[in-house]
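Structural overview
Below are the chains, spelled out letter by letter.
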Amino acid sequence: MRLTPETPEVRVPRLIGLMAVDARERAEARGVLLAAPDRPDFSLTVVDHVVRQYPPPGSEIPRGAVVTVWFELGDAGGGTGVREPRLPLPPSGGLRRELDEPEDPFEVLRTVRP
């Protein structure tokens, strides 16, 4: 366990985006505790990623205070999969023009009465 200098206040580390195991290590190194209300088995959680935290990063809190984190749902919970930029990127200059709808081959012709 890495200890920080003994000060009464510590800054909350940025935990968003970290895996659970890394978030626990970073919090411990900064002198704060973690709680996860959506994970009763938080001590066993390893690879899920933190998606939200409170208090926000950079806030000053008393040493030993609790930072609450929430995790994304795993594959069984309806996760959205890999989030990465796809290449090639769309061309600049706005959205592509929408293509016209194909015409109806069975369109009924109307007769015009005089």
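About the thresholds
Residues numbered from 1 in each chain as written. Predicted model: local features only at pLDDT ≥ 70, side-chain atom pairs only at ≥ 80, totals over all residues. Heavy atoms only, no water. Helix = DSSP H or I, 4+ residues; strand = E, 2+ residues; numbered from the N terminus. Buried < 20%, exposed > 50% of the residue type's maximum accessible area, 1.4 Å probe, protein only. Polar contact = N/O pair within 3.5 Å; in protein donor to acceptor, adjacent residues only side chain to side chain. Pairing = 2+ DSSP bridges. Core = buried A, V, L, I, M, F, W, Y, C linked by side-chain atoms within 4.5 Å. Phe/Tyr/Trp six-rings, centres within 6.5 Å; stacked < 30°, edge-to-face > 60°. Lys NZ or Arg CZ within 6 Å of the ring centre and 35° of its normal.

The name an unreviewed UniProt entry assigns to the protein is PASTA domain-containing protein, from the organism Streptomyces fagopyri.

The next subject is the side chain of T45. By the secondary structure assignment, T45 is in the loop between β2 (33-35) and β3 (50-54). Judged by relative accessible area, which is 5%, T45 ranks as buried. Side-chain polar atoms of T45 contact the backbone oxygen of D41, separated by 3.3 Å.

Here β2 runs beside strand β5 (residues 66-71); their pairing, made up of three bridges, is parallel. What sits directly across from L33, in β5, is V66. Note: β3 against β5, four bridges, orientation antiparallel. Bridge pairing links V50 to F71 in β5.

Moving on, we come to the nonpolar core. Counting 17 residues, the largest nonpolar core has L15, L34, I61, V67, V69 and F71 as the members making the most contacts within it. Of all the secondary structure elements, the ones that give two or more residues to this core are α1 (20-30) and β5.

By the burial criterion, the buried members of α1 are A20, A23, A27 and A29. Residue G31 follows α1 closely and has a positive phi angle near 90°.

Quick look at the packing of aromatic side chains now. As enumerated under the stated definition, the model contains one aromatic pair in all. Ring centres of F42 and F71 lie 5.8 Å apart, and the angle between their planes is 40°; on these two criteria the pair is classed as tilted. Linking F42 in the loop between β2 and β3 with F71 in strand β5, this pair joins segments that are 29 residues apart in sequence. Of the residues examined, F42 reaches a relative accessible area of 12% and is grouped as buried. Across from the ring centre of F42, 5.1 Å away, lies the NZ or CZ of R24, which sits over that ring.

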